[in-house]
Amino acid sequence: MLRLLKANLSRLFKSGVFKLAEFVAIGYPIFVILLNYFQGKSGNESHDYISDAIPTMLSMILPFILSVVVGLYVGTEYHDGTIRNKLIVGHSRAKIYFANLLTMFVANTIVFLSNVIVGTVFVTALIKAPSLGFLTYAKAIGVITLCGFAFCSIYMAISMFIQSKATGVVVVMVLSVAFFMTSMTMYYRLQEPEYNEAFTYTNDAGETIESPRQKNPHYLEGKKREIYQKVFDIIPYTQIITVGNGVKLPEKSYEYPLYSCGWIVVSTAVGIIIFKKRNLK
Amino acid sequence: MDYILTTDKLYKSYRQFTALAELDMHILKGSIYGLVGKNGAGKTTLIRIICGLQEPTDGGYSIYGIKSGTSEIFKARGRMGAVVETPSIYLEMTAEENLKQQFDILGKPSYDEIPGLIKLVGLEQNSIAKKKAKNFSLGMRQRLGIAIALAGNPDFLVLDEPINGLDPEGIVEMRELILKLNREYAITVLISSHILDELSKLATHFGFIDHGRMIKEISAEELEKQCRKCIRVVVSGTKEFSQAMEKLKLAYEIIDDNQADIFAEISLTKLVSELNKVGCELISANEKDESLESYYIRLLGGDKNA
């Protein structure tokens with residue numbers, strides 16, 4: 001499998017889409033930091049808060065970037081027919097699958113870490129060093145990296161199933177959007193307050209009316225809230241939203257890596273079973 | 001007999017469609033085996049199975065005596081190379097980069113052999129060196145595909161329709177390359193093609209496949225013996241000619257409204273006399289050798305869609 005991995009990595013580093021992903025990973029934090037730096041200089045508003053958010057800011061768009069990288073990388077193997085070269089010379093399908101998956105893990109790690117490193121260096125130099133402790137920072141990076149692996153595994157299973165490059169890329173991109181929408185919808189449902197606060201207002205007749213504190217009908221309760229919370233926690237995008245958004249590590253930070261590992265194991269198992277039975281052209 | 005590849009009642013179906021039906025095939029070491037069959041006969045399915053791209057539904061095959069379904073088959077495949085349908089090349093890479101990829105996949109310790117391979121397939125010109133494969137002509141892609149297939153120094157090369165879409169010059173170059181690989185490098189070649197005339201110039205053995213079954217396997221020598229000489233006649237009408245042939249109980253084949261082939265030795269006097277009886281005029285008669293194409297058509301019972 002090491003031979004396949006070597007060949008895959010050499011192709012990855014030459015690939016245009018990976019170079020583009022790296023450009024975004026490095027360029028995005030630099031752009032945001034410079035923007036905040038100049039805004040901070042010209043106005044009275046403090047932009048110091050950005051120092052804790054910047055290093056993990058890319059995590060929000062990481063699943064989209066990965067969907068393109070994985071979709072195109074795997075899709076090229078089918079489109080150009082080069083997956084045949086690996087099978088014909090005697091590599092097993094499981095080895096090919098794992099080598100591709102590991103390559104995407106490497107891609108995810110490089111893209112995300114380069115973003116974190118560049119972001120941290122720039123924000124420290126121009127604005128302020130991140131105030132979070134090293135351990136909290138390392139944990140957040142670890143959780144997001146694992147989330148990235150989970151996304152890679154899911155995208156890989158789908159891409160290895162769909163033999164058309166264009167269709168494969170579109171499907172994984174749509175899936176990443178679907179994950180994002182689901183997570184955001186659930187996030188806002190869970191953020192709904194239990195009560196709508198009391199307020200007073202004056203009507204047209206000049207009378208002051210007092211509206212009492214009312215129960216919010218959108219507030220999730222009981223079993224429904226538990227289910228929502230569980231599903232919310234399991235979706236990898238949720239973990240990225242929770243952890244990446246200002247590096248707020250939740251109480252259940254040890255559960256998140258477990259969920260990611262679950263996604264990796266299940267999607268890889270399904271992907272390998274499908275790929276092994278697939279009739280290739 | 002030392003066989004590189006044998007198949008044993010190989011069966012492959014896709015839902016309701018049977019692509020291969022208990023196909024038996026034997027490829028002798030050192031031979032150039034021409035696989036002949038019309039569209040949908042099962043040639044490419046057979047090649048895909050041999051190359052491990054698909055699994056047979058039933059039956060099996062052996063490569064170098066190693067049976068399919070065993071873990072050793074992966075090792076056996078390490079000694080073969082193939083170009084299945086379109087050449088498997090990264091279009092965004094140059095010829096050298098493509099070969100480096102394949103060398104990495106094979107785990108070769110150095111890239112020293114790459115210039116030799118590029119030269120062997122005729123892609124050594126300076127103008128090609130920096131060109132990405134997406135800018136290659138079909139012939140150049142085919143040659144690069146073969147170079148990749150040869151990267152592992154295989155003893156067995158599988159080529160699926162390697163001359164499809166090539167210009168006449170490209171066809172000649174491809175033929176010479178295949179012959180060179182077989183004669184100078186002792187590589188056994190399995191080659192499928194629609195262009196029977198070209199195949200007849202290459203193959204030492206033939207396998208005729210139809211509806212997923214092996215109809216006949218024959219060596220080029222045997223084929224030559226079996227290719228009957230025939231008499232090509234031009235007559236006033238083949239309908240009347242058929243009546244005369246039925247009466248004489250001779251094997252024949254109608255070419256068009258005025259032409260037919262007779263596969264028998266016959267006295268022209270007797271033929272003319274019999275044709276006269278049915279009101280048919282014999283305009284001309286010439287002796288003609290049967291080609292691989294006509295042998296194939298005869299074998300398949302007159303189906304001309306080769």
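Use the structure listed above.
This report concerns the structure included in the present document.

The rules behind each value
- Residues numbered from 1 in each chain as written.
- Chains lettered and ligands numbered in written order.
- Predicted model: local features only at pLDDT ≥ 70, side-chain atom pairs only at ≥ 80, totals over all residues.
- Heavy atoms only, no water.
- Buried < 20%, exposed > 50% of the residue type's maximum accessible area, 1.4 Å probe, protein only.
- Helix = DSSP H or I, 4+ residues; strand = E, 2+ residues; numbered from the N terminus.
- Pairing = 2+ DSSP bridges.
- Axes fitted to C-alpha atoms, helices over the stretch in contact; angles between N-to-C directions.
- Contact = heavy atoms within 4.5 Å.
- Salt bridge = Lys/Arg side-chain N within 4 Å of Asp/Glu carboxyl O.

1. Topic: the pairing of strand 3 (residues 32-36) of chain B
Residue and element names in this part refer to chain B.
In step 1: Counted residue by residue, strand 3 has five buried out of five residues, so it is predominantly covered.
In step 2: The alternating pattern of strand 3 places I32, G34 and V36 on one face and Y33 and L35 on the opposite face, and all of these are buried.
In step 3: Across four bridges, the pairing between strand 3 and strand 8 (residues 188-192) is parallel. Bridge pairing in strand 8 places L35 opposite S192.
In step 4: Direction of pairing for strand 3 relative to strand 9 (residues 205-210): parallel, over a ladder of four bridges. Among the inter-strand pairings, G34 is bridged to a residue of strand 9, identified as F206.

2. Considering the sheet that holds strand 10 (residues 213-219) of chain B
Residue and element names in this part refer to chain B.
In step 1: A sheet is described by the order of its strands in space; here six strands give the open sequence 6-7-8-3-9-10, paired in mixed fashion. If you trace the sheet from one side to the other, it starts and ends with strand 6 (80-83) and strand 10, each paired once. The sheet shows a mean angle of 15° between the axes of neighbouring strands, taken without regard to direction.
In step 2: With four bridges connecting them, strand 6 and strand 7 (residues 156-160) associate as parallel partners. Bridging from a neighbouring strand, V83 pairs with L159 of strand 7.
In step 3: Contacts from helix 12 (residues 292-299) reach strand 3, strand 9 and strand 10 within the one sheet, and its direction differs from that of strand 9 by about 40°.

3. Some remarks on the pattern of salt bridges
Side chains that carry opposite charge are capable of pairing whenever their charged atoms lie near each other.
In step 1: Counting across every chain of the model gives 19 salt bridges over all chains.
In step 2: Residues E85 of chain B and R48 of chain B are paired through a salt bridge, measuring 2.8 Å at the closest nitrogen-oxygen approach. With a gap of 37 residues between them, E85 of chain B in the loop between strand 6 and helix 3 (95-106) and R48 of chain B in helix 1 (residues 43-50) connect regions that are remote in the sequence.
In step 3: The partner of R79 of chain B in a salt bridge is D155 of chain B, with the nearest N and O atoms 2.9 Å apart. Of the two residues, R79 of chain B sits in the loop between helix 2 (72-77) and strand 6 while D155 of chain B sits in the loop between helix 6 (138-150) and strand 7, which places them 76 residues apart along the sequence.
In step 4: Members of the salt-bridge network, linked through shared partners, are R11, E77 and K86 of chain A.

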